[in-house]
Each structure stands twice: as structure tokens, then as C-alpha cells.
Amino acid sequence: MFVMELSYTAPIEAVEDHMDAHIAWLDGYYASGVFLASGRKVPREGGVILAGGVSRAEIEKIAAEDPFAVAGVCAYRIIEFIATKTSTDLATVREAPLA
């Protein structure tokens, strides 16, 4: 599983110019089952996406396709972790611990 942390690298006005395209990109990956949760950071200096079911290489490709990244208004930090314990609602994304 991955935590995708976005940090804005441009003024919020520049970010807002790409918001509709960013939301459409999010919707596509929610529909495919890759994205599990997302939202803005507080304070509003970026966002966070929780994703799973793909490889590290795939998640890096997905991040690079984000209209925010394409426009150069955000940078990504991707954290991979093994979700060995989850809520009942996220049981389908639980992973076995590494030996």
C-alpha cells in the first residue's frame, strides 16, 4: 500500500487552475480501485492519497500522470508500507507481513 503525499510547489491560485483535471484524474483511479482515500492537508499546502493494489513502479507512473505534477504545481513523496492491520472496511487491502 502507498501513502502519496503531495506538496504544492506553486501558489494556490496556480494549483486551482488545474483542480478540475486533478479531480477527474482522481476519479479515474477511484473507479479502477487503486485509490482508497484522498484529501487536502491542513493547512492547505498539498494533499494525501491512500492507494493500493499496484506496484511501486505503477504508483510512480500514476503520480507522474497527475495533472498537478504535469503542470509542475506539486511534488510527490511516496511512502510504501505493508497494511497488516486495517478497519473492516479495508479488509480487502490487508497484506501479509514480510518474513
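Structure: see above.
Below: a short report on this structure. (Residues numbered from 1 in each chain as written. Predicted model: local features only at pLDDT ≥ 70, side-chain atom pairs only at ≥ 80, totals over all residues. Heavy atoms only, no water.)

## Notes on helix 2 (residues 19-31)
Then comes step 1: Compared with the 18 Å implied by 1.5 Å per residue over 13 residues, the 18 Å span of helix 2 between its first and last C-alpha is a close match.
Then comes step 2: If you check which residues of helix 2 are buried, you get Met 19, His 22, Trp 25, Leu 26 and Tyr 29. Buried positions in helix 2, seen along its axis, are confined to an arc of 120 degrees and lie on one side of it. Of the exposed residues in helix 2, the ones pointing more than 90 degrees away from its buried face are Asp 20 and Ala 31.
Then comes step 3: Positive backbone phi, at 90 degrees, marks Gly 33, one or two positions downstream of helix 2. (Helix = DSSP H or I, 4+ residues; strand = E, 2+ residues; numbered from the N terminus. Expected span 1.5 Å × (residues − 1). Buried < 20%, exposed > 50% of the residue type's maximum accessible area, 1.4 Å probe, protein only. Arc of directions from axis to C-beta.)

## Some thoughts on the layout of surface pockets
Then comes step 1: Of the voids in this model, the largest pocket is the one considered here, and its volume is about 170 Å³.
Then comes step 2: As for the largest pocket, its lining consists of 15 residues, and the residues nearest its centre are Tyr 8, His 22, Leu 26, Gly 39 and Arg 40.
Then comes step 3: Contributing elements (two or more residues each) for the lining of the largest pocket: strand 1 (2-8), helix 2, strand 2 (35-40) and strand 3 (46-51).
Then comes step 4: Of the residues contributing to the lining of the largest pocket, the split by class is 8 nonpolar, 5 polar and 2 charged. (1 Å grid on protein atoms, 1.4 Å probe; cavity = no way out; pocket = protein on both sides within 12 Å on 5 of 7 lines; lining within 4 Å. Points joined across faces, edges and corners; volume = space filled by probe spheres on them. Nonpolar A, V, L, I, M, F, W, Y, C, P; charged D, E, K, R; others polar.)

## As for the nonpolar core
Then comes step 1: Ranked by internal contacts, the top residues of the largest apolar core, which has 20 residues, are Met 4, Phe 35, Ile 59 and Phe 68.
Then comes step 2: Those elements that place two or more of their residues in this core are strand 1, helix 2, strand 3, helix 3 (56-65) and strand 4 (74-80).
Then comes step 3: The residues contacting Phe 68, other than those within four sequence positions of it, are Leu 6, Tyr 8, Val 15, His 18, Met 19, His 22, Val 73 and Cys 74. (Core = buried A, V, L, I, M, F, W, Y, C linked by side-chain atoms within 4.5 Å. Contact = heavy atoms within 4.5 Å.)

## Overview of the sheet that holds strand 4
Then comes step 1: Spatially, 2-3-1-4 is the arrangement adopted by the 4 strands of the open sheet, whose pairing is antiparallel. Both edges of this open sheet fall to strand 2 and strand 4, since each of them pairs with a single strand only. On average, adjacent strands in this sheet sit at an angle of 15 degrees to one another, irrespective of strand direction.
Then comes step 2: Across 6 bridges, the pairing between strand 1 and strand 3 is antiparallel. Across the sheet, the residue bridging to Leu 6 is Gly 47, located in strand 3.
Then comes step 3: Contacts from helix 2 reach strand 1, strand 2, strand 3 and strand 4 within the one sheet, and its direction differs from that of strand 2 by about 155 degrees.
Then comes step 4: The strands touched by helix 3 are strand 1, strand 2, strand 3 and strand 4; relative to strand 4, the strand with the most contacts, the crossing angle is about 160 degrees. (Pairing = 2+ DSSP bridges. Axes fitted to C-alpha atoms, helices over the stretch in contact; angles between N-to-C directions.)

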